[in-house]
Amino acid sequence: PGDGFKVELPGAGKDGQAPAYNETGGTEAVHMLTASPAADVTYAVTWQDNPPVARVSHSIDRTLYMARDGMLARTETTIINESRGFHRGFPCLDMEARNNAGGTLDARLILVEDRLYTLIAVFPSADARREKDVQRFFKSLVPAQPGGIPESVPSAAQE
């Protein structure tokens, strides 16, 4: 809530930072919360206002796709499925990717005004991945909006 959004993490959240490539080829830190309900499973949410990909792309689609490409490069994963849609009325891009060792990564990128949220779920294998848990996590994010978060927010189960 102090950062203007709500999300359900499957376990205790741990504050941190993650690197994001910027327009000069360097990196800058983005905010990140992580939770690991099992030793080899991680859920994370990152957020940044006016992220580098938005500063150089100047379009919603380019911002989402450039953020996707950067994530794939950093995680050394290959996309196996993606879809473009909306999350609570804001443009989003969902994707599933896999690495050479068989690990899977699910991500939802959401652009809310000038803030980019990235929700990530990482599993050691496709067998360890639980679609229901991934979707619950993805649907739980209530992004910051002008005027803040409403007092009454529908739960992820109601959507």
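See above for the structure.
Please read these numbers as outputs of a predicted model, since none were measured by experiment.

Draft legend 1. Region of the structure containing the packing of aromatic side chains. Applying the stated criterion across every chain yields a total of five aromatic pairs. Arranged with centres 4.7 Å apart and planes meeting at 65°, the rings of Phe-5 and Trp-47 form a pair that is edge-to-face. Here the residue Phe-5 occupies a position in the segment before strand E1 (14-21), and Trp-47 occupies one in strand E3 (residues 41-49), the gap between them amounting to 42 residues. Side by side, Phe-5 and Trp-47 carry an identical accessibility label, which is buried. Their ring planes at 75° and their centres at 5.3 Å tell us that Phe-5 and Tyr-117 sit as a pair that is edge-to-face. Linking Phe-5 in the segment before E1 with Tyr-117 in strand E7 (residues 115-123), this pair joins segments that are 112 residues apart in sequence. An aromatic cluster is defined as three or more aromatic residues linked by ring pairs; in this entry it consists of Tyr-43, Phe-123, Phe-137 and Phe-138. The ring of Phe-86 carries Arg-84 above its face, with NZ or CZ at 5.9 Å from the centroid.

Draft legend 2. Layout of unusual backbone geometry. Here Asn-50, not a glycine, exhibits a phi torsion of approximately 50°, which is positive. Looking at the secondary structure, you find Asn-50 in the loop between E3 and helix H1 (52-57). Phi at Glu-76 takes a positive value of approximately 55°, unusual for a residue other than glycine. Mapped onto the secondary structure, Glu-76 falls in the loop between helix H2 (60-75) and strand E4 (78-87).

Draft legend 3. Region of interest: the sheet that holds strand E6 (residues 104-112). An order of E1-E2-E3-E7-E6-E5-E4 is seen for the seven strands of this open sheet, with the pairing classed as antiparallel. Sheet topology places E1 and E4 at the edges, where each strand pairs with a single neighbour. Direction aside, neighbouring strands of the sheet carry axes that sit 20° apart on average. Pairing between E6 and E7: nine bridges, direction antiparallel. Looking at E7, one finds that Leu-109 is bridged to Thr-118. Here H2 sits on the sheet and contacts E1, E4, strand E5 (90-98), E6 and E7; the angle it forms with E6, its principal contact strand, is near 150°. Against the sheet, helix H3 (residues 131-140) contacts E3, E4, E6 and E7, and its axis sits at roughly 15° relative to E6.

Draft legend 4. Here's a closer look at H2. In this model H2 runs 23 Å from its N-terminal to its C-terminal C-alpha over 16 residues, within 8% of the 22 Å that 1.5 Å per residue would give. Every buried residue of H2 is accounted for by Thr-63, Leu-64, Ala-67, Arg-68, Gly-70, Met-71 and Leu-72. Elements in contact with the buried residues of H2: H1, E4, E5, E6 and E7. Capping of H2 at its N-terminal end is provided by Ser-59; its side-chain oxygen lies 3.0 Å from the backbone amide nitrogen of Arg-62. Where H2 ends, the next residue or the one after it, Glu-76, has phi of about 55°, a positive value.

Draft legend 5. Expanded view of the side chain of His-87. Position of His-87 among the secondary structure elements: in strand E4. Side-chain polar atoms of His-87 contact the backbone oxygen of Leu-141, separated by 2.8 Å. Once residues within four sequence positions are removed from consideration, His-87 is found in contact with Cys-92, Arg-108, Ile-110, Phe-138, Lys-139, Leu-141 and Pro-143.

Procedures and definitions
- Residues numbered from 1 in each chain as written.
- Predicted model: local features only at pLDDT ≥ 70, side-chain atom pairs only at ≥ 80, totals over all residues.
- Heavy atoms only, no water.
- Phe/Tyr/Trp six-rings, centres within 6.5 Å; stacked < 30°, edge-to-face > 60°.
- Helix = DSSP H or I, 4+ residues; strand = E, 2+ residues; numbered from the N terminus.
- Buried < 20%, exposed > 50% of the residue type's maximum accessible area, 1.4 Å probe, protein only.
- Lys NZ or Arg CZ within 6 Å of the ring centre and 35° of its normal.
- Pairing = 2+ DSSP bridges.
- Axes fitted to C-alpha atoms, helices over the stretch in contact; angles between N-to-C directions.
- Contact = heavy atoms within 4.5 Å.
- Expected span 1.5 Å × (residues − 1).
- Polar contact = N/O pair within 3.5 Å; in protein donor to acceptor, adjacent residues only side chain to side chain.

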